[in-house]
Amino acid sequence: MSPIPQEKTRRGGFTHPALLYRGSDAYLAGIVPFITGGLDRGEPVAVAVPGPNLALLEDALADRAGEVRLLDMTLAGRNPGRIIPGVLRAFADAHPGRRVRIVGEPIWHGRSATEYPACVQHEALINLAFADRDGTILCPYDVERLAPEVLADAADTHPVLVDETGSLPSPAYDPARTVAKWNLPLPQAPDGALTLAFDDATLAEPRLTASRYAVGAGLEPGRIPDVELAVNELATNTVLHGGGSGTMRVWTEDGHVVCELRDRGHLTDPLVGRLPVVRATPGGRGMLLVNHLADLVRMHTTARGTTLRVYFALAA
């Protein structure tokens, strides 16, 4: 496995290669030297990958595993919208003025078709979120288990592709085009979805209605406040920024309680809800909070209006 290119590491700046690996031996050959090389340079290193791969790396690193921030991406990054603020930028921001190395594997075999568009947009938006940072975020892709279309998207979202033959610039790299490409209309809500129109005078109704529905659907009690807070933030944003009124729909789908809010607003900032907010900064925390609370957030936004859909898993 060819080493990860380090030209920009010496000069400073941000690099975002995709590691296209086949099997666990190639996985370790591509990632372990990247990790230990960073440690040897005195760079803070974090690894956020699915649990089985995390165990492989921890075993291969042996005594050096204790020098690395290790996270199970299936937990920390279940919602792709949470990864930049809660994993990547959280780690980088904890080491101001230092170059960091991060291994992030947000797309693995088993990600659902519902989750996948949010994953691709996340990968594209890393480039914008770290444009002014020093560091390398290496993203592994399992060539043997992921579909060819997924690997093609990796070429769209990563400027450098690394495999057993070496590393090359990706001719398809165009993260802005990728974000727009995956800004797709969401599937229609089912006919039986509970539907509620609301405005400023009835702003409490979406929160109360979603809470009652989630209780009836069997969502564990400890997560009911998550539903209430997320829906309240979205409904408040609708009233303040989405034309003053909106529609909420709630239903169950594939083991999740789903809450959808539609309004006439247009979200033009692709990083909304994906960057940490400085404590002294007024506002700007609504979508960030929603991303941290929900198991998945999907969005479609145009000049004609915005649909936001938040998912809460019924099983832990």
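Provided above is the structure to which this section pertains.
Here is a short report on the structure shown in this document.

Cut-offs and rules
Residues numbered from 1 in each chain as written. Predicted model: local features only at pLDDT ≥ 70, side-chain atom pairs only at ≥ 80, totals over all residues. Heavy atoms only, no water. 1 Å grid on protein atoms, 1.4 Å probe; cavity = no way out; pocket = protein on both sides within 12 Å on 5 of 7 lines; lining within 4 Å. Points joined across faces, edges and corners; volume = space filled by probe spheres on them. Helix = DSSP H or I, 4+ residues; strand = E, 2+ residues; numbered from the N terminus. Nonpolar A, V, L, I, M, F, W, Y, C, P; charged D, E, K, R; others polar. Core = buried A, V, L, I, M, F, W, Y, C linked by side-chain atoms within 4.5 Å. Buried < 20%, exposed > 50% of the residue type's maximum accessible area, 1.4 Å probe, protein only. Contact = heavy atoms within 4.5 Å.

### A word on the layout of surface pockets
Then, in step 1: Approximately 370 Å³ is the volume attributed to the largest pocket.
Then, in step 2: Lining the largest pocket we find 23 residues, and of these N237, H241, L267, V272 and M287 sit closest to its centre.
Then, in step 3: Mapped onto the lining of the largest pocket, the elements with two or more residues apiece are α10 (224-241), β11 (256-263), α11 (286-293) and β13 (305-313).
Then, in step 4: At four residues, α10 tops the list of elements feeding residues into the lining of the largest pocket.
Then, in step 5: In terms of residue class, the lining of the largest pocket is built from nine nonpolar, ten polar and four charged.
Then, in step 6: Estimated volume of the second largest pocket: approximately 320 Å³.
Then, in step 7: What lines the second largest pocket is a set of 19 residues, among which Q121, P270, R274, M299 and T301 lie closest to the centre.
Then, in step 8: Secondary-structure elements contributing two or more residues to the lining of the second largest pocket are α6 (116-129), α11 and β12 (296-302).
Then, in step 9: Among the elements that make up the lining of the second largest pocket, the one with the highest residue count is β12 (four residues).

### Here's the deal with unusual backbone geometry
Then, in step 1: The phi torsion at A62 lies on the positive side, around 55 degrees, for a residue other than glycine.
Then, in step 2: Relative to the elements of secondary structure, A62 occurs in the loop between α3 (51-61) and β4 (69-72).
Then, in step 3: Its identity is not glycine, yet D254 carries a phi of approximately 50 degrees, on the positive side.
Then, in step 4: Mapped onto the secondary structure, D254 falls in the loop between β10 (245-253) and β11.

### Brief notes about the nonpolar core
Then, in step 1: Counting 37 residues, the largest nonpolar core has L88, I102, I107, I126, F130, I137 and Y141 as its most contacted members.
Then, in step 2: Counting only elements with at least two residues in this core, the list comes to β2 (17-21), β3 (45-49), α5 (83-93), β5 (100-104), α6, β6 (135-142) and α7 (148-157).
Then, in step 3: Here this core takes seven residues from α6, the largest share from any one element.
Then, in step 4: Residues contacting I107, with those up to four places away along its chain left out, are Y116, C119, E123, P140, Y141, L146 and V150.
Then, in step 5: Ranked by size, the runner-up nonpolar core spans 25 residues in total, among them V227, M248, V290 and L308.

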